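What follows is the residue order along each chain.
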Amino acid sequence: MKLTTKILIGLVAGVILGLVLGGAPQVAVTYIAPFGTLFLNLIRMIIVPLVLSSLVVGAASMGDLKKLGRVGGKTIVFYLATTAVAVIIGLILGNVFKPGAGLLLLEGVTVEARQAPPLVETLLNIIPSNPLKALVDASMLQIISFAIFIGIGITSIGEKGRPLLSFFDSLAEVMYKLTALIMNLAPYGVFALITPVVAQNGPSVLLPLGKVVIAVYVGVVIHSLLVYSSIVKLVANMNPLKFFKGISPAATVAFSTASSAGTLPVTIKSVKENLGVSNSVASFVLPLGATINMDGTALYQGICALFVAQIYGIDLTIAQQVSIVLTATLASIGTAGVPGAGFIMLTMVLTSVGLPLEGSALIAGIDRILDMARTTVNVVGDGAVAVAIAATEGELKDIEVKVGSK
Ligand code: ASP
């Protein structure tokens, strides 16, 4: 049986067992969740060395700084544009579904205002004053900038940079190999991750906020079908079905782990092996995307901002909604690719238009379910942009999708 099929079976079995254990979620948390954590730790183990090595190789293998600048520029434009469209879709759905209408906020609910760091600070912090500390702390944006600098250095000194490039190349290959080995455990890992989530967030938790959940899930489907299908079709002339099939292993892992950084090794593997994106584009575009490109998160923030406005009976003006588009786009860049990060950044979006932070308390309870959907889109969006960039650089191989074949 193909690996993707096995992972899907693991996912469905986890959902079913989670529903069965709904009355006794503690059983799932105590006996099943640890296996999920084990799987997650195995993937996490790879992230820092993989991002560093693959980005160095990606940046250095552009060959010259002009190409690096061109690819980097295009990548950022695609990432920002798709994210802005995502928030707009989120706002439209929030206006149409009105998820907060008719909901009464419980008296006395308070939320600890976990303020997002100011944007200027985030931007200044991109350059690590101590790169080794950045690696130890897994500060992704800092690791990215350090890796790109090393790549630029290697490219500039020519022959003398070769040994260092081979070192990082070899490190990246080893990490890819480990990813492939760990992925064999994915069906069990996904099962163990999803069971406790469903057991804890069963229908009773979801129903009162059903409209938010539906709006977010409808939003991510619309965004994927509309934006990603168009990008791969129009820019890369790739059949969207082929794209979704090829990216599906990464999407499944993203859905169950709710971490785009954690999914990165699988995303790189899927995009290279199933979609034919060159090594240099994949290893540059994807680590960057796992950190800064979060379409699903931005879409969710758009919907949640309207949700909060609606439960307080506040009408947002068009100017305020435009401000949400800008803030949510920027907030999603600063969001780490780990579970729950988007919820923290939501406070920044709410603050930007003066909405009460307490409103997010209702969302906190169901955030994991929303996180799974938005992370999936975050990851699929990275894949779509990687395909587009590869096509414009003439680095997209036309290969048969052989998902899951070992
Ligand atoms: N969990 C998301 C991710 O890793 C980030 C978020 O919380 O929105 O992509």
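As the structure is a prediction and not an experimental result, all values here were calculated from the model.

1. Details of the overall build of the protein chain
Line of reasoning, step 1. Scanning the protein chain from terminus to terminus reveals 18 helices and zero strands.
Line of reasoning, step 2. In terms of overall size, the protein chain behaves like a compact globule, its C-alpha atoms giving a radius of gyration of 21 Å where 406 residues would be expected to give roughly 22 Å.
Line of reasoning, step 3. Of the contacts formed within the protein chain by residues at least 6 apart in sequence, a portion of 85% connects residues at least 24 apart.
Line of reasoning, step 4. A total accessible area of about 16900 Å² is found for the protein chain, and carbon and sulfur atoms account for 69% of it.
Line of reasoning, step 5. For the protein chain, the separation between the mean place of its 24 positive charges and that of its 19 negative charges on side chains is 9 Å.

2. Regarding the nonpolar core
Line of reasoning, step 1. Core analysis: the biggest nonpolar cluster contains 120 residues, and Phe 243 and Phe 284 have the highest contact counts within it.
Line of reasoning, step 2. Among residues more than four places away in sequence, those in contact with Phe 243 are Tyr 228, Val 232, Met 238, Leu 275, Val 380, Gly 383, Ala 384 and Val 387.
Line of reasoning, step 3. Ranked by size, the runner-up nonpolar core spans five residues in total, among them Leu 21, Ala 28, Ala 192 and Ala 199.

3. Overview of the site of the ligand
Line of reasoning, step 1. Taken together, the neighbourhood of the ligand is formed by 16 residues, with Ser 260, Thr 297, Gly 342, Asp 371 and Arg 374 sitting nearest.
Line of reasoning, step 2. In this structure, an oxygen atom belonging to the ligand sits 3.1 Å away from a main-chain N or O atom of Ala 341.
Line of reasoning, step 3. At 3.1 Å from a nitrogen atom of the ligand is found a side-chain nitrogen or oxygen belonging to Thr 375.
Line of reasoning, step 4. Here the ligand loses 100% of its free accessible area of 270 Å² to cover by the protein chains.
Line of reasoning, step 5. Of all the secondary-structure elements, those providing two or more residues to the shell around the ligand are α16 (341–352) and α18 (367–392).
Line of reasoning, step 6. No other element matches α18, which puts four residues into the shell around the ligand.
Line of reasoning, step 7. Classifying every residue of the shell around the ligand by side-chain character gives six nonpolar, eight polar and two charged.

4. What about the pattern of salt bridges?
Side-chain pairing between opposite charges can occur once the charged atoms of the two side chains come close.
Line of reasoning, step 1. Evaluation of the coordinates by the stated rule reveals nine salt bridges.
Line of reasoning, step 2. Between Lys 67 and Glu 395 there is a salt bridge, with the nearest N and O atoms lying 2.5 Å from each other. Separated by 328 residues along the polypeptide, Lys 67 in helix α3 (residues 65–97) and Glu 395 in the segment after α18 bring together distant segments of the chain. Of the two residues, Lys 67 and Glu 395, neither departs from the other in class, the shared state being buried.
Line of reasoning, step 3. One salt bridge in this structure joins Lys 269 and Glu 273, with 3.2 Å as the shortest N-O distance.

5. Some points on unusual backbone geometry
Line of reasoning, step 1. Of note in the backbone geometry, Lys 98 takes a positive phi value of approximately 45° without being a glycine.
Line of reasoning, step 2. Topologically, Lys 98 is positioned in the loop between α3 and α4 (119–124).
Line of reasoning, step 3. Look at Lys 98 and you get partly exposed, because its relative accessible area is 41%.
Line of reasoning, step 4. Backbone geometry places Ala 258, a non-glycine residue, at a positive phi of 55°.

6. Describing the packing of helix α15 (residues 318–334) against α16
Line of reasoning, step 1. Contact geometry for α15 and α16: axes closest at 9 Å, N-to-C directions at 155°. Between α15 and α16, the crossing angle belongs to the class labelled roughly antiparallel. The element α15 and its partner α16 pack so that their crossing is right-handed. Mapping the contact onto sequence places Ser 323, Ile 324, Thr 327, Ala 328, Ala 331 and Gly 334 in α15 and Met 345, Met 348, Val 349 and Ser 352 in α16.

7. Structural notes on the side chain of Glu 395
Line of reasoning, step 1. Glu 395 sits in the buried class, given a relative accessible area of 17%.
Line of reasoning, step 2. Polar side-chain contacts of Glu 395 include one of 2.5 Å to the side chain of Lys 67.
Line of reasoning, step 3. In contact with Glu 395, not counting residues within four places along its chain, are Lys 67, Gly 276, Val 277, Ser 278, Ser 280, Val 281 and Ala 390.

8. Observations concerning the packing of aromatic side chains
Line of reasoning, step 1. Following the criterion strictly, the structure yields two aromatic pairs and no others.
Line of reasoning, step 2. With centroids separated by 5.2 Å and ring planes inclined at 70°, the aromatic side chains of Phe 167 and Phe 168 adopt a geometry described as edge-to-face.
Line of reasoning, step 3. A relative accessible area of 48% places Phe 167 in the partly exposed class.
Line of reasoning, step 4. Here Phe 243 and Phe 244 contribute two aromatic rings whose centre-to-centre distance is 5.2 Å and whose plane-to-plane angle is 65°, an arrangement assigned as edge-to-face.
Line of reasoning, step 5. Under the relative-accessibility criterion, Phe 243 is labelled buried at 0%.

Procedures and definitions
Residues numbered from 1 in each chain as written. Predicted model: local features only at pLDDT ≥ 70, side-chain atom pairs only at ≥ 80, totals over all residues. Heavy atoms only, no water. Helix = DSSP H or I, 4+ residues; strand = E, 2+ residues; numbered from the N terminus. Rg over C-alpha atoms; globule rule 2.2 N^0.38 Å. Contact = heavy atoms within 4.5 Å. Areas by Shrake-Rupley, 256 points an atom, 1.4 Å probe, with all protein chains shown as cover. Lys, Arg positive; Asp, Glu negative; His and termini not counted. Charge placed at Lys NZ, Arg CZ, Asp CG, Glu CD. Core = buried A, V, L, I, M, F, W, Y, C linked by side-chain atoms within 4.5 Å. Buried < 20%, exposed > 50% of the residue type's maximum accessible area, 1.4 Å probe, protein only. Near = heavy atom within 4 Å. Polar contact = N/O pair within 3.5 Å; in protein donor to acceptor, adjacent residues only side chain to side chain. Nonpolar A, V, L, I, M, F, W, Y, C, P; charged D, E, K, R; others polar. Salt bridge = Lys/Arg side-chain N within 4 Å of Asp/Glu carboxyl O. Axes fitted to C-alpha atoms, helices over the stretch in contact; angles between N-to-C directions. Parallel < 35°, antiparallel > 145°, perpendicular 65-115°, else oblique. Left-handed = near helix turned anticlockwise from the far one by under 90°. Phe/Tyr/Trp six-rings, centres within 6.5 Å; stacked < 30°, edge-to-face > 60°.

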